[in-house]
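# An overview of the molecular structure
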Amino acid sequence: MKALVVYDSVFGNTEKVAQAMGQALGSQAEVQTLRVGDVKPEHLTGLDALIVGSPTRAFSPTPAIKNWLKSLPPNSLKGVKVAAFDTRIALSDVNSSLLTFMVKLFGYAAKPIGGRLTKKGGDLALSPEGFFVKDSEGPLKDGELERAADWVKQIMPV
Ligand SMILES: Cc1cc2nc3c(=O)[nH]c(=O)nc-3n(C[C@H](O)[C@H](O)[C@H](O)COP(=O)(O)O)c2cc1C
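Our subject in this report is the structure included herewith. None of the values given here were measured: they were computed from a predicted structure.

Rules used throughout
Residues numbered from 1 in each chain as written. Predicted model: local features only at pLDDT ≥ 70, side-chain atom pairs only at ≥ 80, totals over all residues. Heavy atoms only, no water. Axes fitted to C-alpha atoms, helices over the stretch in contact; angles between N-to-C directions. Helix = DSSP H or I, 4+ residues; strand = E, 2+ residues; numbered from the N terminus. Parallel < 35°, antiparallel > 145°, perpendicular 65-115°, else oblique. Left-handed = near helix turned anticlockwise from the far one by under 90°. Contact = heavy atoms within 4.5 Å. Buried < 20%, exposed > 50% of the residue type's maximum accessible area, 1.4 Å probe, protein only. Core = buried A, V, L, I, M, F, W, Y, C linked by side-chain atoms within 4.5 Å. Pairing = 2+ DSSP bridges. Right-handed = clockwise from strand over helix to strand, strands pointing away. Arc of directions from axis to C-beta. Near = heavy atom within 4 Å. Polar contact = N/O pair within 3.5 Å; in protein donor to acceptor, adjacent residues only side chain to side chain. 1 Å grid on protein atoms, 1.4 Å probe; cavity = no way out; pocket = protein on both sides within 12 Å on 5 of 7 lines; lining within 4 Å. Sits in = over half its atoms within 2 Å of the grid points.

## Topic: the packing of helix 1 (residues 13–26) against helix 5 (residues 144–153)
Each pair of packed helices gets described by two things: the angle between the helix axes and the distance between those axes. Relative to each other, helix 1 and helix 5 sit at 50°, their axes nearing to 8 Å. If you check the angle between helix 1 and helix 5, you find them oblique. Helix 5 is crossed by helix 1, and the crossing has right-handed handedness. Counting all contacts with helix 1, which are made through K16, V17, A20, M21, A24 and L25, the residues of helix 5 involved are L145, A148, A149, W151, V152 and K153.

Quick look at the structure:
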């Protein structure tokens, strides 16, 4: 099984989550964990699973993740299991009713990433998931790296 974890990260939190996922899969698969700017077309050759993650920035993935997903050729993910994740601030930690309203309306990065992956032919194997930071620049909440490892392992056949 060949797997690729692609991520973007501004403050390093999403990178930590992506690395934890790569390590969790590593025992069961040939896995690479790459920042989005380092992904080359050949990294997608022969892939069984592709996991893509981004920090949520203004309810969306980063421009680098969005542009990379757009650049994937049509149907290039046919036969590939895909999954999407983001990092985000918990709604319970948002101290503004306007922001809470906007978050409920516009959501987070993982869902649109998952949508784009399926649009390119991927088979969405897991529900898009978010991992929580304590504050805008992090750190991650306790237990999130373990939760990320458990989440991603579900993409592998048992
Ligand atoms: C400009 C900016 C916009 C952000 N927008 C959101 C948002 O819409 N929703 C949210 O939950 N968190 C938001 N955050 C918090 C980020 O999700 C947080 O910085 C991110 O999870 C950290 O990941 P990173 O360390 O990989 O960059 C925002 C942070 C910044 C700096």
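## Quick look at the side chain of T100
Locating T100 in the fold gives a position in helix 3 (residues 97–106). For T100, the residues in contact, after removing those within four places along its chain, are L91 and V94.

## So, the environment of V94
Its place among the elements puts V94 in the loop between strand 4 (81–89) and helix 3. For V94, a relative accessible area of 16% gives the class buried. Distance from V94 to K111, taken between C-alpha atoms, is 20 Å for residues 17 residues apart in sequence. If we skip the residues at most four places from it in the chain, V94 touches I89, L99 and T100.

## Topic: the nonpolar core
Ranked by internal contacts, the top residues of the largest apolar core, which has 23 residues, are M21, L25, I51, F85, W151 and I155. Counting residues per element, the ones that place at least two in this core are strand 1 (2–7), helix 1, strand 3 (49–55), strand 4, strand 6 (129–133) and helix 5. Counting residues in hydrophobic clusters, the runner-up holds 20 residues, among them I65, L72, V82 and A109.

## Focus on the pairing of strand 2 (residues 30–35)
Judged from the six bridges that link them, strand 1 and strand 2 form a sheet pairing that is parallel. Each residue of the ladder has a partner; that of L4, found in strand 2, is Q32. As for the winding sense of the linkage, the β-α-β connection from strand 1 through helix 1 to strand 2 is right-handed.

## Here's the deal with helix 4 (residues 110–119)
Every buried residue of helix 4 is accounted for by A110, I113, G114 and L117. Projected down its long axis, helix 4 shows its buried positions confined to an angular sector of 100°, all on one face. Seen from the open side of helix 4, the exposed residues pointing more than 90 degrees away from its buried face are K111 and K119. Downstream of helix 4 by a residue or two, G121 has a phi angle that is positive, lying close to 105°.

## Remarks on the site of the ligand
If you check the shell around the ligand, you find 17 residues, and the closest are S9, N13, T14, T87 and S136. Within the contact set of the ligand, an oxygen atom lies 2.8 Å away from a backbone nitrogen or oxygen of V10. In the model, an oxygen atom of the ligand is placed 2.7 Å from a nitrogen or oxygen of the F59 main chain. Judged by the fraction of its atoms near the pocket grid, the ligand is located in the largest pocket. For the shell around the ligand, the secondary structure elements donating two or more residues are helix 1 and strand 4. No other element matches strand 4, which puts three residues into the shell around the ligand.

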